[in-house]
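Structural overview
In case you want the letters, here they are:
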Amino acid sequence: MAYESIIVEIEDHVAIITLNRPDALNALNSQLLQELSKALGEADANDKVRCIIITGSAKAFAAGADIKEMSDKSFVDMYMSDYFEPAMRTISNVRKPVIAAVAGYALGGGCELAMMCDFIIAGENAKFGQPEINLGVIAGMGGTQRLTRYVGKAKAMDMHLTGRFMDAEEAERSGLVSRVVPPKKVLEEARQAAEKISEKSLLASIAAKQAVNRSYETTQEEGLLFERRLFHSLFATEDQKEGMSAFLEKRSPQFRDR
Ligand code: CAA
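Going by what an unreviewed UniProt entry lists, the protein chain is known as enoyl-CoA hydratase and is assigned to Salipiger mucosus DSM 16094. What the UniProt record of the protein chain gives under Function (unreviewed entry) is the line "Could possibly oxidize fatty acids using specific components."

1. Comments concerning the pairing of strand β1 (residues 6-11)
Both β1 and strand β2 (residues 14-19) contribute to a ladder of six bridges, which runs antiparallel. Residue pairing across strands places I7 opposite T18, the latter belonging to β2. Where β1 hands over to β2, the hairpin turn is made up of two residues, of which D12 adopts a positive phi near 50 degrees.

2. Things to note about the domain arrangement of the protein chain
In many analyses, interface size is given as the accessible surface area lost on bringing the parts together. Splitting the protein chain by domain gives domain 1 (6-199) and domain 2 (202-249). In this structure, domain 1 and domain 2 have C-alpha centres spaced 27 Å apart. Contacts between the two partners involve nine residues from domain 1 and, on the opposite side, seven residues from domain 2. When domain 1 packs against domain 2, close to 780 Å² is buried across both sides, 51% of that on carbon and sulfur atoms. If you sort the residues of domain 1 by the area they bury against domain 2, R50, R95 and R149 come out on top, with a joint share of 56%. Across the domain 1-domain 2 interface, the total number found is one salt bridge. For K209, the salt bridge is made with D118, and the minimal N-O distance between the two is 2.8 Å. Where domain 1 touches domain 2, the interface holds four residue pairs in polar contact (both at pLDDT 80 or more).

3. Some details on the site of the ligand
Taken together, 24 residues surround the ligand, and among them K59, A65, G109, E112 and E132 come closest. A distance of 2.9 Å is found between a nitrogen atom of the ligand and a backbone nitrogen or oxygen belonging to I67. In the model, an oxygen atom of the ligand is placed 3.5 Å from a nitrogen or oxygen of the K68 side chain. In the complex, the protein chains occlude 66% of the 980 Å² of accessible area that the ligand would expose alone. Residue assignment for the shell around the ligand shows that the elements contributing at least two residues are α2 (67-70), β6 (105-107) and α5 (109-116). No other element matches α2, which puts three residues into the shell around the ligand.

4. Examining the nonpolar core
Across soluble globular proteins, nonpolar side chains have a tendency to be buried as a group. Judged by nonpolar contacts, the single largest core of 48 residues is most densely connected at F128 and L176. The element that contributes the greatest number of residues to this core is helix α1 (residues 30-45), accounting for six residues. Those residues in contact with L176, other than ones at most four positions away along the chain, are M115, I120, F128, L147, Y150, V151, M166 and A171. Grouped together as the second largest cluster of nonpolar side chains are 14 residues, C51, I99, A101 and A103 included.

5. Focus on the packing of aromatic side chains
Counted according to the given criterion, the structure contains four aromatic pairs. Geometrically, the ring pair formed by F75 and Y79 is stacked, given 5.3 Å between the ring centres and 20 degrees between the ring planes. Here the residue F75 and the residue Y79 both occupy positions in helix α3 (residues 75-81), the gap between them amounting to four residues, near one helical turn. The exposed category is assigned to Y79, whose relative accessible area is 56%. The ring of F226 carries R214 above its face, with NZ or CZ at 4.3 Å from the centroid.

Basis of the calculations
- Residues numbered from 1 in each chain as written.
- Predicted model: local features only at pLDDT ≥ 70, side-chain atom pairs only at ≥ 80, totals over all residues.
- Heavy atoms only, no water.
- UniProt positions renumbered as here; feature names shortened; annotations may be inferred.
- Pairing = 2+ DSSP bridges.
- Helix = DSSP H or I, 4+ residues; strand = E, 2+ residues; numbered from the N terminus.
- Domains from an automatic or database assignment.
- Contact = heavy atoms within 4.5 Å.
- Buried area = accessible area lost by both parts, 1.4 Å probe.
- Salt bridge = Lys/Arg side-chain N within 4 Å of Asp/Glu carboxyl O.
- Polar contact = N/O pair within 3.5 Å; in protein donor to acceptor, adjacent residues only side chain to side chain.
- Near = heavy atom within 4 Å.
- Areas by Shrake-Rupley, 256 points an atom, 1.4 Å probe, with all protein chains shown as cover.
- Core = buried A, V, L, I, M, F, W, Y, C linked by side-chain atoms within 4.5 Å.
- Buried < 20%, exposed > 50% of the residue type's maximum accessible area, 1.4 Å probe, protein only.
- Phe/Tyr/Trp six-rings, centres within 6.5 Å; stacked < 30°, edge-to-face > 60°.
- Lys NZ or Arg CZ within 6 Å of the ring centre and 35° of its normal.

Here is the structure:
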């Protein structure tokens, strides 16, 4: 399918989805969110794809939900359409690993989109923020919940209440991003991480993602049980035999997702 607000490229086993509304700093309007949901669904279902990257431009990953599109909406419009929820659900339910490669602004819904990904690689020029308070609203795509889990209550409150931005250095220190690299290297770094992930068994990658995500949803005891059950279940796979044999035979494993 041809997209207007995003660009989708598949390189080897990696789907790279680039948000592409340069005139609006990649603001997330309905069209972009629908296209992104569709492209992620397609990448998730494509047997060739083993890892997905979402990225933006050098200046903006995304500067938030589209304020022009939202400004005239009423409560009833927002409530009846459950604005953002269908897209959020699809994006956060992708089973394959998803990396956010963030340069420049990741604000409001942009920060929230990055946080829906499995981890964030940031350029030194990245700026994260939840400035919705300046617009007379609050975050609506998960920011009050996910940012708090990433960086803790003190910084989350600070950002949501003052609307201040967090630079890449602070974001890494606070646990929001996993790596910081020079802005020009963001996509390359994400691509290398995605290629490394693509070499693993996809069965194990999906299990690892599910188990880590579970830690946010349940008690530690239940989470540990969930992890153990997944760990045990991987012993039913050919990839476990291959991975362990390859180690013992001092060769690289050839995983087949079986
Ligand atoms: N929605 C719509 N358009 C946006 C936008 C947004 N979120 N962010 C930027 N743009 C547009 C601007 O209107 C401008 O368009 P025009 O040239 O047609 O006027 C263009 O992008 C470039 O922006 P600026 O001229 O403002 O660029 P700048 O470099 O001076 O400033 C910025 C950059 C600090 C990111 C500033 O654009 C800004 O503050 N943007 C809004 C950030 C924001 O409030 N995000 C939260 C949105 S609400 C939300 O996301 C809700 C939610 O939780 C889901």
